[in-house]
Amino acid sequence: MAQHRIRRTTAKEDEGITPEQLRVAREWVEEAFRAGQPAALLDQLTTHAPPTLPAVVEALSTMARPEAAALLGQIAATTETKGLQKAARRALYRLKTMGVDTESVPSREPRKPALEVPKLPVVAALASQIDFDGNRALYIARRRPFSGLVFVSLIIHDRRGVIECNAFPVTKKDLIRMVADIQADDRLTHIELPPTYAQQLVEESYQRNLATGTPVPRDFQGLRDLLGAPDTHWDKRPIYQVLSPEEIRGQPVWLSQAPQLLEVKELQGWHLPPEVVQKYREEIKRAADSPLIVSQALQQERVETVQKRTLREIFDAETCALYSARLEEMAYLLWQTKRPDEARRALASALALQGEGVDPSEHLFLRGLFLRSVEMAEALEQQDPNRVAVAAPRLWTP
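Residues numbered from 1 in each chain as written. Predicted model: local features only at pLDDT ≥ 70, side-chain atom pairs only at ≥ 80, totals over all residues. Heavy atoms only, no water.

1. Notes on the pairing of strand β1 (residues 122-128)
Here is the key point about a regular strand: its side chains alternate between the two faces of the sheet.
And step 1. Across the seven residues of β1, six count as buried, placing the element largely inside the fold.
And step 2. Bridge analysis of β1 against strand β2 (residues 135-143) gives five bridges, and the strand direction is antiparallel. By the bridge assignment for β2, Val122 is matched with Arg142.
And step 3. Hairpin connection between β1 and β2: a loop of six residues separates the two successive antiparallel strands, and Gly134 in this loop has a positive phi of roughly 100°.
And step 4. Relative to strand β5 (residues 190-192), β1 is paired through three bridges, and the arrangement is antiparallel. In the sheet register, Leu126 faces β5, and the bridge partner there is Glu192. (Buried < 20%, exposed > 50% of the residue type's maximum accessible area, 1.4 Å probe, protein only. Helix = DSSP H or I, 4+ residues; strand = E, 2+ residues; numbered from the N terminus. Pairing = 2+ DSSP bridges.)

Encoded structure:
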């Protein structure tokens with residue numbers, strides 16, 4: 001009676017293996033093992049017309065010994081037949097369940113195509129500040145296959161995704177000039193980004209297009225392939241490579257100074273849309289016009305109550321996460337532009353919006369942002385454009 005069970009396989013090469021073929025294959029392999037020539041087995045399998053390879057693989061799967069695992073690894077690594085590769089890997093797994101060490105068996109190396117397009121580097125990556133609505137400009141220059149450079153410019157939005165893009169070929173000399181011109185634009189601040197992080201921003205933005213149903217620009221799909229995917233994934237934003245969150249949390253002074261951020265050039269235009277604060281303005285106006293006579297202290301208390309309720313309504317958990325991410329990005333921009341104190345205040349404000357139990361009404365930056373937005377809405381209503389002018393990211397063109 002045979003001392004092993006024959007398991008049925010699904011690979012086409014194993015279909016139709018008869019008990020006789022399996023017996024012959026097992027005897028042939030065992031004889032080779034007894035002769036002490038396991039290294040020569042693979043050559044014999046391919047040159048001396050032994051029993052069919054599928055039968056040999058099936059036979060090896062029943063032999064709980066290291067030599068069988070090694071031979072199966074060689075078959076999986078050298079055969080070009082996909083079905084036989086799968087059968088050999090299944091056989092290796094079967095031996096592993098029988099207690100045979102298969103970890104040291106070499107895996108199959110991927111076969112390189114005859115004409116392999118080299119992986120081309122990103123040679124420049126820049127990003128602008130984020131505007132009040134979540135837009136920013138992103139520029140990526142990458143070498144093209146076989147010749148030249150391509151310069152890709154995009155506008156990305158932190159809720160809707162990629163909303164604008166274009167690309168054109170450039171020379172190295174052109175690229176140097178263009179990067180200098182972009183950085184010299186005093187209307188917006190631009191910084192260099194780690195190339196892989198810039199690629200990740202593009203991919204994350206595209207996923208937002210898909211999630212929100214926002215149409216991508218006409219030429220984006222081709223540019224997405226050209227930009228490529230990052231080699232490494234950034235679990236945290238770049239600011240955490242230069243500043244420690246533990247250190248920032250340990251110094252509450254940075255968070256207490258958060259309102260000063262609203263005076264920073266790049267954040268002076270941040271505000272909430274007028275329609276977002278309209279309900280608050282109307283409620284405050286009704287209270288002020290009320291015929292009831294109340295003390296100034298009580299009136300101020302009512303205003304504070306309405307403010308807190310409105311802040312909690314506007315800045316729900318999703319919006320708090322959005323502003324936390326914006327402040328992290330701006331913290332890195334401030335750090336890269338040699339403003340470390342402002343960067344620490346921005347990161348402190350971002351960290352205060354993370355975790356459970358966040359109360360937006362007590363967040364000093366959000367509170368200041370809200371009050372500014374109310375003032376800007378009133379100025380807009382009074383048609384005072386000087387108080388509502390803001391800089392929005394736009395694509396730089398040569």
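From this point, the discussion proceeds with the structure in view.
2. Digging into helix α1 (residues 19-34)
And step 1. The end-to-end C-alpha separation of α1 is 22 Å, in line with the 22 Å expected for 16 residues at 1.5 Å each.
And step 2. Within the span of α1, buried status applies to Leu22, Ala25, Val29, Ala32 and Phe33. On an axial view of α1, the arc spanned by its buried residues comes to 100°, and they lie on one face. Turned more than 90 degrees away from the buried face of α1, the exposed residues are Pro19, Glu31 and Arg34. (Expected span 1.5 Å × (residues − 1). Arc of directions from axis to C-beta.)

3. Some details on the packing of aromatic side chains
And step 1. Applying the stated rule across the entire model yields eight aromatic pairs.
And step 2. Arranged with centres 5.5 Å apart and planes meeting at 35°, the rings of Tyr206 and Phe220 form a pair that is tilted. Note that Tyr206 is positioned in helix α7 (residues 195-212) and Phe220 in helix α8 (residues 220-227), a separation of 14 residues in sequence. The same class applies to Tyr206 as to Phe220, namely buried.
And step 3. Taken together, a centroid distance of 6.2 Å and an interplanar angle of 75° make the contact between Trp270 and Tyr323 edge-to-face. Taken together, the residues Trp270 in the loop between α10 (253-256) and α11 (274-288) and Tyr323 in helix α13 (residues 317-336) connect sequence positions 53 residues apart. The exposure classification of Trp270 matches that of Tyr323, with both residues buried.
And step 4. Within the aromatic cluster, the residues linked to one another by ring pairs are Trp270, Phe315, Tyr323 and Phe365.
And step 5. Just above the ring of Tyr240 sits the side chain of Lys236; from NZ or CZ to the centre is 5.7 Å. (Phe/Tyr/Trp six-rings, centres within 6.5 Å; stacked < 30°, edge-to-face > 60°. Lys NZ or Arg CZ within 6 Å of the ring centre and 35° of its normal.)

4. Things to note about the pattern of salt bridges
And step 1. A full pass over the atoms with the stated rule returns 21 salt bridges.
And step 2. As a salt-bridge pair, Arg326 and Asp158 come within 2.6 Å of each other at their nearest N and O atoms. One end of the pair, Arg326, is in helix α13; the other, Asp158, is in the loop between β3 (149-157) and β4 (161-170), and 168 residues separate them in sequence.
And step 3. Arg326 gets classed as buried once you look at its relative accessible area, which sits at 2%.
And step 4. Note that Asp181 and Arg177 form a salt bridge whose closest N and O atoms lie 3.6 Å from each other. With Asp181 and Arg177 both in helix α6 (residues 172-184), this residue pair falls four residues apart, about one helical turn.
And step 5. The partly exposed category is assigned to Arg177, whose relative accessible area is 41%.
And step 6. Each of Arg136, Arg237, Glu328 and Glu329 takes part in a single network of salt bridges with overlapping partners. (Salt bridge = Lys/Arg side-chain N within 4 Å of Asp/Glu carboxyl O.)

5. Some thoughts on the layout of surface pockets
And step 1. Taken as a whole, the largest pocket encloses approximately 300 Å³ of empty space.
And step 2. Arg159, Thr319, Leu322, Tyr323 and Arg326 are the residues nearest the centre of the largest pocket, which is lined by 15 residues in total.
And step 3. Considering each element in turn, the lining of the largest pocket owes the most residues, six residues, to α13. (1 Å grid on protein atoms, 1.4 Å probe; cavity = no way out; pocket = protein on both sides within 12 Å on 5 of 7 lines; lining within 4 Å. Points joined across faces, edges and corners; volume = space filled by probe spheres on them.)

6. Examining the sheet that holds β4
And step 1. Read from one edge to the other, the open sheet built from five strands follows the order β4-β3-β2-β1-β5, with strand pairing classed as antiparallel. Where the open sheet ends on each side, the last strands, each with one partner, are β4 and β5. Each strand of the sheet is rotated relative to its neighbour by a mean of 20°, with strand direction disregarded. (Axes fitted to C-alpha atoms, helices over the stretch in contact; angles between N-to-C directions.)

7. What about the nonpolar core?
One broad trend across soluble globular proteins is that nonpolar side chains are buried collectively.
And step 1. Counting residues in each nonpolar core, the largest one holds 63 residues, and the members touching the most others are Leu138, Leu154, Leu193, Trp270, Phe315 and Phe365.
And step 2. Ranked by residue count, the leading element in this core is α13, at eight residues.
And step 3. Excluding anything up to four places from it in sequence, Leu138 contacts Leu126, Ala127, Val152, Ser153, Leu154, Ile156, Leu193, Ala198, Leu201 and Val202. (Core = buried A, V, L, I, M, F, W, Y, C linked by side-chain atoms within 4.5 Å. Contact = heavy atoms within 4.5 Å.)

8. Notes on the environment of Thr319
And step 1. Along the polypeptide, Thr319 turns up in helix α13.
And step 2. Separated by 34 residues in the primary sequence, Thr319 and Leu353 have C-alpha atoms spaced 9.7 Å apart.
And step 3. Separated by 2.7 Å, the side chains of Thr319 and Asp316 make a polar contact. (Polar contact = N/O pair within 3.5 Å; in protein donor to acceptor, adjacent residues only side chain to side chain.)

9. A look at the side chain of Arg94
And step 1. You can see Arg94 is positioned in helix α5 (residues 82-97).
And step 2. Side chain to side chain, Arg94 and Ser61 meet in a polar contact 2.6 Å long.

10. Points about unusual backbone geometry
Residues apart from glycine generally show negative phi values, whereas peptide bonds are mostly found in trans.
And step 1. One non-glycine residue, Lys338, lies in positive phi territory at about 65°.
And step 2. Here Lys338 shows up in the loop between α13 and α14 (340-351).

By themselves, these observations are geometric and do not establish any function.
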